[in-house]
Amino acid sequence: MSLSRSPSPVPGGGWSSPGLNINTSGRSSPAKSSFAGPNGGSVTWESARLKSQGVTGYPSFSTQNQGFFTRHMRRISSSLPSFNMATDERYAEKEKLGRGRWRIPLLGRIRAMVARMALWYYWRRTSWLGGGEKFVIILAANIGGGVMEWKGAREWAIERDSVRNKRKYVARWGYDLEVVDMSTKKRYAHEWRESWEKVDSIRNSFRKYPKAEWIWWLDLNTFVMEPSYSLQRHLFNNLEKNIYRDINEFNPLNITHPLQGNYLDPESSSAVGDGDIDSVNLMLSQDCSGFNLGSFFIRRSEWTDRLLDIWWDPVAYEQKHMEWEHKEQDALEQLYTTQPWIRSHTAFIPQRLINSFPTGACSDNGNDTRIHYNQDDRDFVVNMAGCEWGRDCWGEMYNFRELSYYLNRNPWERFKEDLVAVIWFKLTGQKVKCATTFLWARQYLELDEAPR
């Protein structure tokens, strides 16, 4: 039966889909018809059919899915992910029902990896798992150059390394980092109060991070030597054994303690306050000359609000600023000496626990095991305090940075540097660059420790 008019929508007959065109040869599929593939190439039905059947040019007498193991292996292999590293423009794979193939582009894999890192970070922050959101680190920077002088290349390098060090540390443990610009100028009477900004910065950080319980203040010339130490494990999980409240255990200022007077209550007249670890709101270390605020902890409480108000009092500053050589540090010493309510909530941390010094600081009496950094004990933080007065701040920062990298190498780096580098040196007499860098830093530290 012939039709006078073809039902095909294509002029001249035929259909837009190649599979619906029936020729006179009686074939159920077009012999050599082709269509444009997804990559713009020409794909023939014959090649697609042979490709799907696994024909390699030789006749095969075995049918597909033959046998129990073949069928199940095919099911297993069809459910595995498939990554097409190269595309063949001559071949476009036909969709098959029941075969799920995963196409995971590079961008998707990067997003998944970032998501896992984000989950790890938030796991560290949650109060019922890691508890990182309870801690905020304030790093005192000098972004604009300061009040007295502008920064040079070495000062910029010190700031870059210090900020990077703190950012890596908080990213590892889920803490918050607040980098404050200490060059912001607040004027009281006739004086610029640059270093007093830490009082105002602490108050602002408590407002910005409402879930924070402790703030850890760090000066710019500090470096976290052991990033694998969390604050919880290193200090707070066993806080009672890591602090002392009786200043007589180490009293470089010779402060009379405790205060005596008929007007004092038992808590104020006690050397350890009320003895409750939860009543400690301020923790700091002492160096050879007294209080050191390069690294200290302060807790959110009403007592802290009162302390910050009095510490920042412009009246006391106006009267005593000419006597306070170390500014806010001397002011806190004055408050501790004269105010019993401050003593009962203040505790001291052994200096090397949070604030080790290099051998160039407090070196009048030689190396002090209570103060100076010890590599064998893997001290947590080193503070290059006073390096701007006759010492090389950048040299110390660089050497401690390289030493920290060396001490915290992963097993693969240890294998390369401790075994491969040594063998290479014995065979060729040439030192590997990474090992040479540390050896140079080690020699610098040994020279710095030598008596002068």
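Placed above this text is the structure.
Nothing here was measured: the structure is a model prediction, and the numbers come from that model. (Residues numbered from 1 in each chain as written. Predicted model: local features only at pLDDT ≥ 70, side-chain atom pairs only at ≥ 80, totals over all residues. Heavy atoms only, no water.)

> Just to check I follow, could you spell out the packing of aromatic side chains for this structure?
The geometry of an aromatic ring pair comes down to the distance between the two centres and the angle between the two planes. Evaluated as defined, the whole model comprises 17 aromatic pairs. A centroid spacing of 5.3 Å and a plane angle of 55° characterise the contact between Trp214 and Phe236, whose relative ring orientation is tilted. Here Trp214, found in strand β7 (residues 214–218), pairs with Phe236, found in the loop between α6 (231–234) and α7 (239–242); they are 22 residues apart in sequence, far enough to count as distant. Pair check on accessibility: Trp214 and Phe236 agree, each one buried. In this structure an aromatic cluster arises from ring pairing among Phe135, Tyr169, Tyr175, Trp214, Trp216, Tyr229, Phe236, Phe297 and Phe380. The aromatic ring of Trp341 is capped on one face by Arg306, whose charged end is 4.0 Å from the ring centroid. (Phe/Tyr/Trp six-rings, centres within 6.5 Å; stacked < 30°, edge-to-face > 60°. Helix = DSSP H or I, 4+ residues; strand = E, 2+ residues; numbered from the N terminus. Buried < 20%, exposed > 50% of the residue type's maximum accessible area, 1.4 Å probe, protein only. Lys NZ or Arg CZ within 6 Å of the ring centre and 35° of its normal.)

> Looking at this model, I keep getting lost on unusual backbone geometry. Mind explaining?
Cis geometry is adopted by the peptide bond preceding Pro258, which originates at His257 and carries an omega value of 0°. Among the structural elements, Pro258 can be located in the loop between α7 and β9 (282–287). Positive phi, close to 55°, is recorded for Asn254, a residue that is not glycine. Here Asn254 lies in the loop between α7 and β9. Taking the relative accessible area as the measure of exposure, Asn254 reaches 65% and is therefore exposed.

> Would you mind going over the pairing of β7 with me for this structure?
Note on strand geometry: in a regular strand, side chains alternate between the two faces of the sheet. Within β7, five of the five residues are buried, which leaves the element mostly enclosed by the surrounding structure. Across five bridges, the pairing between strand β3 (residues 135–141) and β7 is parallel. Bridging across to β7, Leu139 finds its partner in Leu218. (Pairing = 2+ DSSP bridges.)

> Can you help me understand helix α5 (residues 197–208) in this one?
Owing to its 3.6 residues per turn, the α-helix aligns residues three or four sequence positions apart on the same side. When the terminal C-alpha atoms of α5 are compared, their 16 Å separation across twelve residues agrees well with the 16 Å that a helix rising 1.5 Å per residue should span. Among the twelve residues in α5, nine count as buried, and that is most of the element. Residues of α5 that are buried include every one of Glu197, Lys198, Val199, Asp200, Ser201, Ile202, Arg203, Ser205 and Phe206, and no others. Those residues of α5 that are buried are in contact with β3, β4 (176–181), β7, β10 (290–299), α8 (302–311) and α10 (328–338). (Expected span 1.5 Å × (residues − 1). Contact = heavy atoms within 4.5 Å.)

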